[in-house]
Amino acid sequence: MRKYALPVVVSITSLMLFGCSDPEQKKTEADLAAGEQIVKANCRSCHLPGINGAPIIGNSKMWGPRIEKGQDMLVQSVLNGFGLMPAKGGANHLTEEEIALAVNYMVSQIEP
């Protein structure tokens, strides 16, 4: 009976660590990583220094009023343009899904 104890313990531990992990958490981590890459390639030139009033990534004071409007409204603002920001931030090759990933990443950078 004891010779089966170690494999059983290893199997149960593996299931607990990997088999039962939350797929939404993995998706969220993957989405944030994808959003980060989109931001680095397309958005940071304005959103890091705050050019023309662009909310600075991580600045809760600048992002707060925007976040209150909801994620969908933020995505629509990017798609359609807002203030001095052109539609899609001038990155016309981005899809709506990619814009949503970038917005989600920038919002995630706000310290709670």
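See the structure shown above.
The rules we used
Residues numbered from 1 in each chain as written. Predicted model: local features only at pLDDT ≥ 70, side-chain atom pairs only at ≥ 80, totals over all residues. Heavy atoms only, no water. Helix = DSSP H or I, 4+ residues; strand = E, 2+ residues; numbered from the N terminus. Buried < 20%, exposed > 50% of the residue type's maximum accessible area, 1.4 Å probe, protein only. Areas by Shrake-Rupley, 256 points an atom, 1.4 Å probe, with all protein chains shown as cover. Contact = heavy atoms within 4.5 Å. 1 Å grid on protein atoms, 1.4 Å probe; cavity = no way out; pocket = protein on both sides within 12 Å on 5 of 7 lines; lining within 4 Å. Points joined across faces, edges and corners; volume = space filled by probe spheres on them. Nonpolar A, V, L, I, M, F, W, Y, C, P; charged D, E, K, R; others polar.

1. Regarding the overall build of the chain
In step 1: Within the chain, the regular secondary structure consists of six helices and zero strands.
In step 2: Reading the secondary structure of the chain in the N-to-C direction produces α-α-α-α-α-α.
In step 3: Counting the 112 residues in the chain, one finds 22% classified as buried.
In step 4: Entry remark: accessible area of the chain is about 7900 Å², with carbon and sulfur atoms responsible for 60%.

2. Some details on helix α5 (residues 71-80)
In step 1: For α5, every residue scored as buried is listed here: Leu74, Val75, Ser77, Val78 and Leu79.
In step 2: Turning to α5, the residues buried within the fold contact α4 (60-68) and α6 (96-108).
In step 3: Gly81 lies just past α5 and shows a positive phi near 90°.

3. Quick notes on the layout of surface pockets
In step 1: Space inside the largest pocket adds up to approximately 640 Å³.
In step 2: Along the wall of the largest pocket there are 29 residues; nearest its centre are His47, Ala54, Pro55, Phe82 and Met85.
In step 3: Only α3 (44-47), α4, α5 and α6 provide two or more residues apiece to the lining of the largest pocket.
In step 4: The residue inventory of the lining of the largest pocket, partitioned by class, reads 18 nonpolar, eight polar and three charged.

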